[in-house]
Amino acid sequence: MISLAPLALALSVAQANAAPSSPSKAPPAPPAAAQPAPAEPVAPAAPITPAPPATRTLTLPEALKLAGERNYDIQAAAARLRQVEQGYWKALSGYLPQVTLGGTYTHTGLAATLPFPVAAQIPSMTVAGTTTPATVAPLITAPFPVVPDDQVQGTVDASQVLFAPALWFGVQSASRGEDSARASVENARRAILFGAAQAYYGTASLKQLALVSERLLEISQRAEKDARVRYGAGTIAKVGLIRAEIDRARAEQDVLRARNSYLSARYSLAQLLVEPPDFDVVDPVEPPLPPDLSKLEESALRDRPDVQSARSAKDAALAQKRSTVSTYLPTIAAFGHYQRANVPGLTGKELWNAGLSAQWKLFDGGLREANVREADARVSEAEANLKSTESHAVLEVQQARLDLESARANAVKAKEQRDLAAENQRLVDVSYRAGAATAVEQADATTQLRNAEVAQATEQLTAQLSALRLLQAAGADIR
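Residues numbered from 1 in each chain as written. Predicted model: local features only at pLDDT ≥ 70, side-chain atom pairs only at ≥ 80, totals over all residues. Heavy atoms only, no water.

## Some points on the confidence of the model for the protein
Mean pLDDT over the protein: 83, with 85% of residues reaching 70 or higher. Mean pLDDT across the elements of the protein ranges from a minimum in helix H1 (residues 5-17), with 46, to a maximum in helix H7 (residues 305-325), with 94. Counted against residues more than four places away or in other chains, residues 13-46, with its pLDDT under 50, gives 41 contacts. (pLDDT = per-residue confidence, 0-100. Helix = DSSP H or I, 4+ residues; strand = E, 2+ residues; numbered from the N terminus. Contact = heavy atoms within 4.5 Å.)

## Examining the layout of surface pockets
The space that makes up the largest pocket amounts to roughly 530 Å³. Lining of the largest pocket is provided by 24 residues; of these, Arg190, Ala191, Phe194, Gln198 and Gln472 occupy positions nearest its centre. Looking at the lining of the largest pocket, the elements that each hand over two or more residues are helix H4 (165-233), H7, helix H8 (367-433) and helix H9 (439-473). Its residues assigned to classes, the lining of the largest pocket shows 10 nonpolar, 7 polar and 7 charged. (1 Å grid on protein atoms, 1.4 Å probe; cavity = no way out; pocket = protein on both sides within 12 Å on 5 of 7 lines; lining within 4 Å. Points joined across faces, edges and corners; volume = space filled by probe spheres on them. Nonpolar A, V, L, I, M, F, W, Y, C, P; charged D, E, K, R; others polar.)

## Focus: a nonpolar patch on the surface
Taken together, the side chains of Leu162, Phe163, Trp168, Leu329, Ile332 and Leu356 define a hydrophobic patch exposed on the protein surface, amounting to about 530 Å² of accessible area. Tracing the chain through its elements places Ile332 in strand S7 (residues 331-345). (Patch = residues over 30% accessible without salt bridge, like charges linked within 9 Å, V, L, I, M, F, W, Y side chains within 5 Å. Areas by Shrake-Rupley, 256 points an atom, 1.4 Å probe, with all protein chains shown as cover. Salt bridge = Lys/Arg side-chain N within 4 Å of Asp/Glu carboxyl O.)

## A word on the pattern of salt bridges
Evaluation of the coordinates by the stated rule reveals 36 salt bridges. Close ionic contact of Arg450 with Asp254 constitutes a salt bridge, the shortest N to O distance being 3.4 Å. Of this pair, Arg450 sits in helix H9 while Asp254 is found in helix H5 (residues 238-273), placing the two residues 196 residues apart along the sequence. The pair Arg450 / Asp254 is uniform in exposure class, with both members buried. Arg311 is the salt-bridge partner of Glu390, the closest N and O atoms lying 3.4 Å from each other. Of the two residues, Glu390 is situated in helix H8 and Arg311 in helix H7; the sequence distance between them amounts to 79 residues. Taking the relative accessible area as the measure of exposure, Glu390 reaches 24% and is therefore partly exposed. (Buried < 20%, exposed > 50% of the residue type's maximum accessible area, 1.4 Å probe, protein only.)

Structure representation (structure tokens):
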């Protein structure tokens, strides 16, 4: 799962820091004739440690490519898919030929042989006209090993299923189940890639906030310098200098916090990409959307992997039901057997046979009926899950489209307010330098600019993330 909690926390902290403070009214400046008290020495501000420099630049397409290749969650999902794919081959193996080789070797300590007649001697013939009888011919025997000393025997058995409807539909069910698992893995991969894109946009937004904080720090430092000069010249009261120092100290704190938030987001992105955090991000453009947003519901029902997975799961349940019903039919298979031994038997040293086998279970105590009812329930469950997934997909697209419209409108207004705040701060700064504006007015203008800068960055990020969520809800793939 992709967590954007650190990014949301950083933006909320930035907004909290940009909240306007209730300025107190500055006392009037002392008369020109009055001599100001000498300025007390102020300890110089501690320098802000610069952020570690990045050695390379990482674009959004490069980040998505790295996430697709190296992310551990994607690798684990691919491994699970390879496991599920074996279910199809397991189901198919029941219908493919089965060949088994066997061999035995036997040594007997006490051999046994029997004489076995193999021929008879030709008897002597009588002479014509005499009365001498024929001689009885003896049998010719040979030793027959009943229990030989050493016996080696090898066998080959082969079988092939010819008619098995239950196996046919079982293979089909396994294939549809593999499709469902593949769609689920694809859905997980897209979710991770969209999460990586969201993390990249968030990191780029925090980088912009860090740059904004640095610009505001320069304004605060310049205002403090002017206030110190004016206080030394006696044109403002000491409270004006203190107010400028407070604003400068807060600006330094904002810079440090913004830099650390950006670095933290960069570390999180690096962990997601399985990359060292020695890169810098660039400001990406808003994700491109199709021109006609009204057709995204159709795209979601067609392209979303979770909808495809639910649809394949329904097909798998239907195929499993057909496989269960097919157990009422008989199963026919062909078989063959070949045997060879070093000791001849009654048929010699070789023996082979082949034939057909049929099996038809007529009654199994009601087990098949229970399996059919269970398969019916699974089909109903799969159909309900498919309808729920399709309804949820359409709802997500509609909500994401509304969120995008609101986010874009807010981003436009935030940019307008930022431009007005920047112009107001510039005019107040010029008036302050000319002595026509007070330090409080300058601080208020700087605070308003800070609020507007943070609001613009936040609304721009919200619009970008809304576009990403709309693409994800519509089933688009991001690469």
